[in-house]
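A structural walkthrough
Listed here are the chains, written in short residue letters.
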Amino acid sequence: MGWLWAIIVGFVLGIIAKAVIPGKQHSPLWLTTICGILGAIVGNAVARAAGVEATPGIDWSRHIFQLVAAIIIVGVVDMLYMATLGKHKRQRQRA
């Protein structure tokens, strides 16, 4: 059941990250979900390193770390995706 929650949280974080980043992101939904999952993992690691492992109630600081990590990862991966996609389109136009 843990993998299902990871997918759900990754999906939500990825969608929020896409909404926060200005401009249009061209990466597909599955890639955004994977970036959200990675953002959750990185955010948890950063929160643990910052000493915010577990707090009573809603752990807002950990969620903020996860969201910031997801925003950074979605932005970088979208740039890489567009660079790769653009390169493939240019090669197809030459052929």
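Residues numbered from 1 in each chain as written. Predicted model: local features only at pLDDT ≥ 70, side-chain atom pairs only at ≥ 80, totals over all residues. Heavy atoms only, no water.

Below, the discussion takes up the confidence of the model for the chain. When pLDDT is averaged along the chain, the result is 86, and 88% of the positions lie at 70 or above. The weakest mean pLDDT in the chain belongs to helix α3 (residues 60–94) at 84; the strongest belongs to helix α2 (residues 29–49) at 92. (pLDDT = per-residue confidence, 0-100. Helix = DSSP H or I, 4+ residues; strand = E, 2+ residues; numbered from the N terminus.)

Moving on: helix α1 (residues 2–20). Its 19 residues give α1 an end-to-end C-alpha distance of 27 Å, which sits within 8% of 27 Å, the value for a rise of 1.5 Å per residue. Considered for burial, the residues of α1 that qualify are G10, L13, G14, A17 and K18. The buried residues of α1 occupy an angular sector of 135 degrees when the element is viewed end-on, so they sit on one face. In this structure, α1 carries W5 and A19 as exposed residues pointing more than 90 degrees from its buried face. (Expected span 1.5 Å × (residues − 1). Buried < 20%, exposed > 50% of the residue type's maximum accessible area, 1.4 Å probe, protein only. Arc of directions from axis to C-beta.)

Here we come to a nonpolar patch on the surface. A contiguous nonpolar surface patch, about 1100 Å² in accessible area, is contributed by W3, L4, W5, I7, I8, V9, F11, V12, I15, I16, V20 and L29. Top element by residues in the nonpolar patch is α1. It accounts for 11 residues. In this fold, W3 is placed in helix α1. (Patch = residues over 30% accessible without salt bridge, like charges linked within 9 Å, V, L, I, M, F, W, Y side chains within 5 Å. Areas by Shrake-Rupley, 256 points an atom, 1.4 Å probe, with all protein chains shown as cover. Salt bridge = Lys/Arg side-chain N within 4 Å of Asp/Glu carboxyl O.)

This brings us to the nonpolar core. If you look at the biggest cluster of nonpolar residues, it comprises eight residues: L13, A17, I21, C35, A40, A70, I73 and V74. At the level of secondary structure, the elements contributing two or more residues to this core comprise α1, α2 and α3. With three residues, the top contributor of residues to this core is α3. Not counting the four nearest positions on each side in its chain, A17 is found in contact with L67, A70, I71 and V74. (Core = buried A, V, L, I, M, F, W, Y, C linked by side-chain atoms within 4.5 Å. Contact = heavy atoms within 4.5 Å.)

By the secondary structure assignment, S27 is in the loop between α1 and α2. Beyond its immediate sequence surroundings of up to four residues, S27 is in contact with K18, T32, D78 and Y81.

Here we take up the side chain of Q25. Tracing the sequence through the fold places Q25 in the loop between α1 and α2. Note on Q25: relative accessible area 12%, which makes it buried. Polar contacts involving the side chain of Q25 include one to the main-chain carbonyl oxygen of P22, which spans 3.4 Å. With residues near it in sequence (within four places) discarded, Q25 still touches K18 and D78. (Polar contact = N/O pair within 3.5 Å; in protein donor to acceptor, adjacent residues only side chain to side chain.)

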